[in-house]
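Remarks on the overall topology
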Amino acid sequence: MSILVVGGGIGGLTLALSLHQAGIACRVFEAAPEIVFEAAPEIKPLGVGINLLPHAMRELTELGLQERLAAVAVETKEFCYYDRFGRFIYKEPRGRFAGYDWPQLSIHRGDLHAVMLEAVRERLGPDSFVLGKKCTSFAQDKSGVDKSGVRVDFSDGSSASGAAVIGCDGIHSAVRKLLHPNEGPPAYQGINMWRGVTRGQPYLSGASMVIAGWLEVGKMVVYPIRNFPDGTQLLNWVAEIQSTRNAMQDWNLAGRLEDFYPVFEDRTHDWLDIAAMIRNATSILEYPMVDRDPLPFWTQGRVTLLGDAAHPMHPRGSNGGGQAILDARVLAGCLRREASVESALAAYEKARLEPAYEVVIANRSQGPDAILRKVHERTGDKPFERIEDVIGNDELAALAENYKRIAGFEREALRQRAPLVQQ
Ligand SMILES: Cc1cc2nc3c(=O)[nH]c(=O)nc-3n(C[C@H](O)[C@H](O)[C@H](O)COP(=O)(O)OP(=O)(O)OC[C@H]3O[C@@H](n4cnc5c(N)ncnc54)[C@H](O)[C@@H]3O)c2cc1C
């Protein structure tokens, strides 16, 4: 059988590598006419970082990619919470520094994509990844008479046939629209983001992920994603502000400093001058925080959805890419195990739909940044003297642990779980 993978993002590439590992043939059809890797900020400053949490890193490790990814990433040591006045609230070690068997990596998206695509081309052959193939429709023989399965059509007039179509085509998924034609646009719940990268000096441990301040008064997320030989780093940051602004959902919409800088101009803390970091950005992009409501089903016969096509989520717990990776691994495992393609796709949906939507719902209100909301509410947005008077360490730790359970990266549970793809 040959699986048709629509979309060559994090989910599609992980699926291709996992199917290959499971001994199943596939081809990836990507809409983009060309892939431009953002190899260095001097060459192409666009793009943002991404955090690969230990549950995602376990899967990428089992695909043999850990070393290649670590070589171009920063291994995150700790996750730190501050209020908007720069006062320390809480921190916890992350990845191997927290005793996990797998690291947490902060990486440039271009670097992640480059490593994954290189592996796909090496292992599956250069023809396995086809550019310029924008899926517009699919057709499957519902009578079950035609065992060849399903056909996918592309905007250039070509088509491909295979045993199944997996829609890994992101938040604006064409495959999802074909399965659920009456769904509206992505849901905006009033948080706008400005994302940027700045080359600067390391701060705190040199590998600290920081979230500071609450959405009503401006929240900042910062982490380094690349080390340079001269000791500087590429700092990836996201400014999140509650706002009615809902700019078009375009990854590359340029952001304007004057639209959000005033909220952060006095944030010059001794551990990091956030205001200067924003002013010195090599690029700024604007993006509304959007997701979609859960669907009743992803699968119809030999067609299913995966990653953001199935469950786009607010980027509040560093988890959208991780959940796409988990989907891909579970689906490859099901295709290897089950007697038929239809039963494999059904088993995949049964295993993944509920857990993925639990994360979508948690990310609307109970993401790891729920700690910052509590501090903001209890202090009435005033600087506190002692954090213990606002929130106890046990409550802080419980909030952080709860999110790990929902998102599937509790340390012991992750260590004990059987591999998703048996070799
Ligand atoms: C600001 C921000 C920060 C984030 N940070 C993190 C983080 O730290 N950690 C994390 O795990 N996740 C993070 N995420 C989420 C993560 O980026 C997504 O969940 C992840 O990219 C989903 O992968 P995907 O493969 O499903 O979709 P995508 O990465 O969007 O890939 C979809 C692919 O399909 C292609 N395509 C689209 N339409 C078609 C078509 N019709 N035919 C063929 N191909 C098509 C696209 O060109 C694209 O290559 C963040 C998201 C945002 C917005």
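Residues numbered from 1 in each chain as written. Predicted model: local features only at pLDDT ≥ 70, side-chain atom pairs only at ≥ 80, totals over all residues. Heavy atoms only, no water.

Note on placement: S106 falls in strand β7 (residues 105–108). For S106, a relative accessible area of 1% corresponds to the buried category. A distance of 3.3 Å separates the side chain of S106 from the side chain of N51, its partner in a polar contact. With near-sequence residues (within four places) excluded, S106 lies in contact with I50, N51, A73, V74, T76, Y223, P224 and I225. (Helix = DSSP H or I, 4+ residues; strand = E, 2+ residues; numbered from the N terminus. Buried < 20%, exposed > 50% of the residue type's maximum accessible area, 1.4 Å probe, protein only. Polar contact = N/O pair within 3.5 Å; in protein donor to acceptor, adjacent residues only side chain to side chain. Contact = heavy atoms within 4.5 Å.)

The next thing to look at is the pairing of strand β11 (residues 159–162). Along β11, the buried face is formed by A160 and G162; none of S159 and S161, which line the opposite face, is buried. The pairing of strand β10 (residues 150–154) with β11 spans four bridges and is antiparallel. Each bridged residue has a counterpart across the sheet, and for V152 the counterpart in β11 is A160. If you look at the hairpin formed by β10 and β11, you'll find four residues sitting between the two strands, and G157 has a positive phi there, around 90°. (Pairing = 2+ DSSP bridges.)

Structurally, H180 is set in the loop between α5 (174–179) and β13 (187–200). Residues in contact with H180, not counting those within four places in the same chain, are L295, P296 and F297.

The next subject is the site of the ligand. As a structural note, the neighbourhood of the ligand is formed by 31 residues, with G11, E30, N51, R109 and D308 the closest of them. The separation between an oxygen atom of the ligand and a polar main-chain atom of I10 is 3.2 Å. S318 places a main-chain nitrogen or oxygen 3.4 Å from a nitrogen atom of the ligand. Counting only elements with at least two residues in the shell around the ligand, the list comes to α1 (10–21), β3 (49–52) and α8 (320–337). With three residues, the single largest contributor to the shell around the ligand is α8. Residue composition of the shell around the ligand, grouped by class: 12 nonpolar, 12 polar and seven charged. (Near = heavy atom within 4 Å. Nonpolar A, V, L, I, M, F, W, Y, C, P; charged D, E, K, R; others polar.)

Time to look at the sheet that holds β7. Pairing within the open sheet is antiparallel, and its three strands lie in the order β3-β7-β4. Two strands lie at the open edges of the sheet, namely β3 and β4 (74–75), each paired on one side alone. Inspection of the sheet shows β4 paired to β7 by two bridges, in the antiparallel sense. Residue pairing in the sheet places E75 in a bridge with L105 of β7. The strands touched by helix α4 (residues 109–124) are β3 and β7; relative to β7, the strand with the most contacts, the crossing angle is about 90°. (Axes fitted to C-alpha atoms, helices over the stretch in contact; angles between N-to-C directions.)

This brings us to the packing of aromatic side chains. The final tally for this structure, using the stated rule, is 10 aromatic pairs. Relative to Y357, the ring of W298 lies with its centre 5.8 Å away and its plane at 75°, an arrangement referred to as edge-to-face. Highlighted residues: W298 in the loop between β17 (283–291) and β18 (303–305) and Y357 in helix α9 (residues 341–365), separated in sequence by 59 residues. There is no split in this pair, since W298 and Y357 are both buried. Counting every residue linked through ring pairs, the aromatic cluster contains W194, W237, F260 and F264. Looking at R199, its charged tip hangs above the ring of F228, at a distance of 3.6 Å from the centre. (Phe/Tyr/Trp six-rings, centres within 6.5 Å; stacked < 30°, edge-to-face > 60°. Lys NZ or Arg CZ within 6 Å of the ring centre and 35° of its normal.)

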